[in-house]
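# Survey of secondary and tertiary structure
For reference, the chains in residue letters:
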There are 2 protein chains.
Amino acid sequence: MLSKETLTKLFPDWEVGLYDAILNEAELKEAKAGTTLLKMGQNIKSAMLVVEGTIKLYQEDENGGEYFMYHLNPGEACAVTLVCNYHHEQSQVLAKAVTDIQYLAIPIEFMEKWLNEFKSWHYFVIKTYRSRYEELLKTINEIAFKNMDERLEFYILKYVKQFGTIVNLTHQDIAKDLNTSREVISRLLKKMEHNGWIIMNRNSFDWIKK
Amino acid sequence: MLSKETLTKLFPDWEVGLYDAILNEAELKEAKAGTTLLKMGQNIKSAMLVVEGTIKLYQEDENGGEYFMYHLNPGEACAVTLVCNYHHEQSQVLAKAVTDIQYLAIPIEFMEKWLNEFKSWHYFVIKTYRSRYEELLKTINEIAFKNMDERLEFYILKYVKQFGTIVNLTHQDIAKDLNTSREVISRLLKKMEHNGWIIMNRNSFDWIKK
DNA sequence: ATTTTAGTGTGATATATGTCACCCAATTAA
DNA sequence: TTAATTGGGTGACATATATCACACTAAAAT
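In this report, the structure presented in the accompanying data block is examined. Everything numeric in this text was worked out from a predicted model, so none of it was measured. (Residues numbered from 1 in each chain as written. Chains lettered and ligands numbered in written order. Predicted model: local features only at pLDDT ≥ 70, side-chain atom pairs only at ≥ 80, totals over all residues. Heavy atoms only, no water.)

## Section: the protein's contact with DNA strand C
Stated formally: Put simply, a residue is near a molecule or strand once any heavy atom of it comes within 4 Å of that molecule or strand. In protein, a polar contact requires one atom able to donate a hydrogen and another able to accept it; more generally it is a pair of N or O atoms within 3.5 Å, and residues adjacent in sequence count only if both atoms are side-chain atoms. Helix and strand definitions follow DSSP, with helices as H or I runs of at least four residues and strands as E runs of at least two, each counted in order from the N terminus. Following the grouping adopted for this structure description, the nonpolar residues are Ala, Val, Leu, Ile, Met, Phe, Trp, Tyr, Cys and Pro, the charged ones are Asp, Glu, Lys and Arg, and the polar ones are all others, Gly among them.
The environment of DNA strand C is made up of 19 residues, and the closest members are A:His171, A:Arg182, A:Arg187, B:Met148 and B:Thr180. By atom count, sugar and phosphate contribute 44% of the portion of DNA strand C lying within 4 Å of the protein. Here A:His171 contributes a backbone N or O atom positioned 2.8 Å from a phosphate oxygen of DNA strand C. Within the backbone of B:Met148, an N or O atom sits 2.6 Å from a phosphate oxygen of DNA strand C. Elements that contribute at least two residues to the surface near DNA strand C include exactly α7 (182-194) of chain A together with α7 (182-194) of chain B. The element contributing the most residues to the surface near DNA strand C is α7(A), with 5 residues. Class assignment of the residues belonging to the surface near DNA strand C gives a composition of 3 nonpolar, 8 polar and 8 charged.

## Describing the sheet that holds strand β8 (residues 166-167) of chain A
Residue and element names in this part refer to chain A. Put simply, the test is: In this analysis, strands are considered paired if DSSP registers two or more bridges between them. Contacts are assigned to residue pairs that have any heavy atoms within 4.5 Å of one another. Axis definition: a line fitted to C-alpha atoms, over the contacting stretch in the case of helices. Angles run 0 to 180 degrees between N-to-C directions.
With antiparallel pairing, 3 strands are arranged side by side in an open sheet as β8-β10-β9. Both edges of this open sheet fall to β8 and β9 (198-201), since each of them pairs with a single strand only. Here 4 bridges tie β9 to strand β10 (residues 204-207), and the two strands are oriented antiparallel to one another. Each bridged residue has a counterpart across the sheet, and for Ile-199 the counterpart in β10 is Asp-206. Across the sheet, helix α5 (residues 148-163) lies against β8 and β10, angled at about 90° from β10, the strand it touches most. Docked against the sheet, α7 engages β9 and β10, running at close to 125° with respect to β9.

## Observations regarding the relation of the copies chain B and chain A
The condition is simple: Superposing copies: least-squares fit, C-alpha atoms only, residues required to have pLDDT of at least 70 in both.
If you rotate chain B by 180° and push it 0.0 Å along the axis, it lands on chain A with an RMSD of 0.0 Å. Within this description, the copies of the chain are treated as partners about a two-fold rotation axis. Here 100% of the contact residues of chain B are again contact residues in chain A; the copies associate through an equivalent surface.

## A few points about unusual backbone geometry
All names here are of chain A. The backbone of Asn-179 sits at a positive phi, close to 55°, despite the residue not being glycine. Even without glycine at this site, Asn-203 takes up a positive phi of about 70°. If you trace the backbone, Asn-203 turns up in the loop between β9 and β10.

## Details of the protein's contact with DNA strand D
Near DNA strand D you find 19 residues, and of these A:Met148, A:Thr180, B:His171, B:Arg187 and B:Arg202 are the closest. Among the atoms of DNA strand D close to the protein, meaning within 4 Å, 44% are from sugar or phosphate groups. Take A:Thr180: an N or O atom from its side chain is 2.2 Å from a phosphate oxygen of DNA strand D. Between A:Arg202 and DNA strand D, the recorded distance is 3.4 Å, taken from a side-chain N or O atom to a base nitrogen. Elements that contribute at least two residues to the surface near DNA strand D include exactly α7 of chain A together with α7 of chain B.

## Details of the pairing of strand β5 (residues 66-72) of chain A
Residues and elements named next belong to chain A. Selection rule: Any residue under 20% of the maximum accessible area for its type is buried, any over 50% is exposed, and the rest in between are partly exposed; the area is computed with a 1.4 Å probe on protein chains only.
When you tally the buried positions in β5, you get 7 out of 7 residues, the bulk of the element. Two elements, strand β4 (residues 55-60) and β5, share 6 bridges in a ladder whose sense is antiparallel. Paired with Lys-56 across the two strands is His-71, which belongs to β5.

Laid out in structure tokens, this is it:
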């Protein structure tokens, strides 16, 4: 069950009334690792705040391509679901649970209301947009200017920062996230192994650079 | 001189006090077409609201590469300059005036203050972030999934939407914005000419597709 | 224990784009 | 008027990445 204490830890900057509003209106949901939480074009019916676990956010194209953009961690919210008007109701991103997760689902009709009622909610929304905007800028920088080897390193570093140096991903997983092919990733990882940046195992490798 | 009337037209959703605050605290500045208004890494000392003209926003990399992301028009604000805390003071984007422009410069010390004082400012900031976030998503979609011919078409369409079907850009201009080389753009435009999508002239072409 | 599947390695080749070299034509400067 | 500059066209080639084909091995399923 969700306690005010948990909320206080996750969202330390909120005002008291907002915790109550969450307790009254939000539903605490769970999802298994691997679940797709939000698809491109899907109608948004509730805002998503992460309580436990990690979510990965992707840009998705018409032909099933995906590009990984950033992680969402406990205390963070999915920006696109914080809809503050009724014009935008379609998701423009793909969201997947990477671990088992718990999240708060808040019906979007409260978004407008809470913006009026709670100053700390207002700040939270701005902070969320701002930080996600920055993540997107980094992503654009990578794709627009970097070759695949650098993008792969950047990708691995994001993983390592989240989960530690043992990278439990197959080459195919990585290839999908970077919208390239498995062979390309295999070859680049081999090169990293030669350079002494990683130690490779089946299904995983260890990032030991520096 | 800046009048309350002008402000009302540009920012119809604001509350009255906010217009007064702008009139008291903002400086109306001008810049010639081509001026760089904001560079990557530059300290942000004021928020930028467009009054007249058009600004182009770019992602910039260490080696001088640029990638065009979106336009800012009158009534719109540069999201990165709407700093609401003092941790982020470095610009992560490059902003250039494409036409002669007028803009409001608001010292960033008012950002925090106005968020507290004016509800309509708060909404304005959120709306700004939200719409820019969406632009970045589109940009990522283009770079991550599309070939240069499609990206060029998308680029031209953004121009056409802003300025009309006569595209007054050299191949070199376009190449720079898409972080590619002039020859590539020349060849793709030639192909579009063959397809009957454009009529080419020196220094410009006319987009006649459909 | 044997078969199947998933993960990986690697050569060969295709394609998109980047780079270089050079040309020509139009415009601008001298 | 002539020279210089800018914009554009195009072949040749380099490079990064995508794609195909196939082999090998560890793990999982039977």
